[in-house]
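# Structural features, examined
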Amino acid sequence: MLTATSLEKALSLLDEGYTFGSITEQTGITTEDAEAVHVAWFRGTTEQLIRELRLADVLEIASTRLRSGTGWQESATIDVLNEVLYAYPQHVKKALALALLSGKL
């Protein structure tokens, strides 16, 4: 599974000239994930990908906590929203705000 940590390791290996096969062996990610890392590296969008992976980690932790029945702290909602706002570009934030204001979410 691609995580922020495995992404950073894969980027380092790409910089060193490793092949997709070697990257999958070294990091444990799939070949498809290695290709996605390469595309992000080539396009210069690795920072965005790292932010999205960190957001995915936060959402996974939040969903696990909710499923376990241990409850949800009110401050956690703000933390999750802050992560969403940090992870996505400005145009996505505007679309989310408009959707919230329209009552469609």
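Residues numbered from 1 in each chain as written. Predicted model: local features only at pLDDT ≥ 70, side-chain atom pairs only at ≥ 80, totals over all residues. Heavy atoms only, no water.

Interhelical geometry of helix 1 (residues 4–15) versus helix 2 (residues 20–27) gives an angle of 140 degrees and a closest axis separation of 10 Å. Our pair here, helix 1 against helix 2, has a crossing hand that is right-handed. The residues of helix 2 that touch helix 1, namely those facing Ser6, Lys9, Ala10, Leu13 and Leu14, are Phe20, Ile23, Gln26 and Thr27. Across the contact of helix 1 with helix 2, the residue classes break down as five nonpolar, three polar and one charged. (Axes fitted to C-alpha atoms, helices over the stretch in contact; angles between N-to-C directions. Helix = DSSP H or I, 4+ residues; strand = E, 2+ residues; numbered from the N terminus. Left-handed = near helix turned anticlockwise from the far one by under 90°. Contact = heavy atoms within 4.5 Å. Nonpolar A, V, L, I, M, F, W, Y, C, P; charged D, E, K, R; others polar.)

A few words on helix 2. Those residues of helix 2 that fall on the buried side of the exposure criterion are Ile23, Thr24 and Thr27. Buried residues in helix 2, looked at end-on, bunch into an arc of 100 degrees, giving them a common side. In the core, the buried residues of helix 2 are packed alongside helix 1 and helix 3 (31–43). (Buried < 20%, exposed > 50% of the residue type's maximum accessible area, 1.4 Å probe, protein only. Arc of directions from axis to C-beta.)

Time to look at the packing of helix 2 against helix 3. Two measures define how a pair of helices packs: the angle their axes make with one another and the distance between the axes. In the contact formed by helix 2 and helix 3, the axes pass within 9 Å of each other and the chain directions differ by 110 degrees. Taken together, the axis directions place helix 2 and helix 3 in an arrangement best described as roughly perpendicular. By crossing handedness, the relation of helix 2 to helix 3 is classed as right-handed. Within the contact between the two elements, helix 2 uses Phe20, Ile23 and Thr24 and helix 3 uses Thr31, Ala34, Glu35 and His38. Partitioning the contact of helix 2 with helix 3 into residue classes produces three nonpolar, three polar and one charged. (Parallel < 35°, antiparallel > 145°, perpendicular 65-115°, else oblique.)

This brings us to the nonpolar core. Grouped together as the largest cluster of nonpolar side chains are 15 residues, with contacts concentrated most on Leu2, Leu7, Ile23, Ile29, Val37 and Leu53. Those elements that provide at least two residues to this core are helix 1, helix 3 and helix 4 (46–68). A per-element tally of this core places helix 1 first, with six residues. (Core = buried A, V, L, I, M, F, W, Y, C linked by side-chain atoms within 4.5 Å.)

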